[in-house]
Amino acid sequence: MKDLSRNQLEVSDLKGHVGFWLRFVSNHVSYAFARKLLSTDVTVAEWVVLREMYDAESMAPSRLAEATGLTRGAVSKLVDRLFHKELLTRIERDDDRRYQTIALTEAGRKLVPKLAALADENDAEFFSALTPRERQALIETLRKLVEANRLTKLPTE
């Protein structure tokens, strides 16, 4: 063990931080899911938008941003990409073209259950080491942290 000089402070161990392990697992889960999605031509972020839209007939992009925790700018870019992939449609208001409503196309609606199956498969692969009770406890713990820290938006960096 090396001696610390008088000017060098003792620093906590990186792997002693809960955040390290959360990020480590999250990055691996997201990476594996992104690889599963490769054959579908849909990204993880696009999947989030498609899944959120699946339960709605239509919604404003601003409402989608609130529901997903993404910024309005990020949602705008994702909506553009999904529109060009013909998975979302835009309905502009006649009286003001700045306002629009978005909805899944028939192709988008048919794709979501297939993508959901991939998401379920990914979750099963990563979290199968946990009992159903442990899995539920993990979800409840993470939700508690989200609520306690008032987390509503996904960080952009």
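Look up a bit, the structure's there.
Here goes a summary of the coordinates provided. Computed from a prediction, not measured in an experiment: that's the story for all the values here. (Residues numbered from 1 in each chain as written. Predicted model: local features only at pLDDT ≥ 70, side-chain atom pairs only at ≥ 80, totals over all residues. Heavy atoms only, no water.)

Within the largest apolar cluster, 26 residues are counted, with the highest numbers of intra-cluster contacts made by Trp-47, Val-49, Leu-50, Met-53, Leu-64, Leu-88 and Leu-115. Of all the elements in the fold, those that place two or more residues in this core are helix 1 (18-37), helix 2 (44-54), helix 3 (61-68), helix 4 (72-84), strand 2 (100-104) and helix 5 (106-127). Ranked by the residues each element gives to this core, the list is headed by helix 5, at six residues. In this view, Val-49 contacts Leu-64, Leu-70, Leu-78, Leu-82 and Leu-88; residues no more than four positions away in its chain are not counted. (Core = buried A, V, L, I, M, F, W, Y, C linked by side-chain atoms within 4.5 Å. Buried < 20%, exposed > 50% of the residue type's maximum accessible area, 1.4 Å probe, protein only. Helix = DSSP H or I, 4+ residues; strand = E, 2+ residues; numbered from the N terminus. Contact = heavy atoms within 4.5 Å.)

A few words on the pattern of salt bridges. Taken as a whole, this structure holds eight salt bridges when the rule is applied. The shortest N-O distance in the salt bridge between Arg-51 and Asp-55 comes to 3.0 Å. Given a relative accessible area of 62%, Asp-55 falls into the exposed group. Through salt bridges with shared partners, a single network forms among Asp-41, Glu-46, Arg-81 and Lys-85. (Salt bridge = Lys/Arg side-chain N within 4 Å of Asp/Glu carboxyl O.)

Attention now goes to unusual backbone geometry. Located in the positive-phi region is Asp-41, a residue other than glycine, with phi close to 60 degrees. Structurally, Asp-41 can be placed in the loop between helix 1 and helix 2. Exposure remark for Asp-41: the relative accessible area of 52% places this residue in the exposed category. Positive phi is not limited to glycine here, since Arg-150 has a value of about 50 degrees. Within the element layout of this structure, Arg-150 appears in the segment after helix 6 (132-148).

With that out of the way, let us pick up the side chain of Asn-122. As for its position among the elements, Asn-122 is in helix 5. The class for Asn-122 is buried, based on a relative accessible area of 2%. Setting aside residues up to four positions removed in sequence, Asn-122 forms contacts with Val-29, Ala-32, Phe-33 and Lys-36.

What follows concerns a nonpolar patch on the surface. A cluster of nonpolar side chains, namely Val-18, Leu-22, Leu-130, Leu-138, Leu-142 and Leu-145, defines an oily patch on the protein surface of about 460 Å² accessible area. Only helix 1 and helix 6 provide two or more residues apiece to the nonpolar patch. The element contributing the most residues to the nonpolar patch is helix 6, with three residues. Residue position: Leu-145 is located in helix 6. On the basis of relative accessible area, Leu-145 is assigned to the partly exposed category, the value being 40%. (Patch = residues over 30% accessible without salt bridge, like charges linked within 9 Å, V, L, I, M, F, W, Y side chains within 5 Å. Areas by Shrake-Rupley, 256 points an atom, 1.4 Å probe, with all protein chains shown as cover.)

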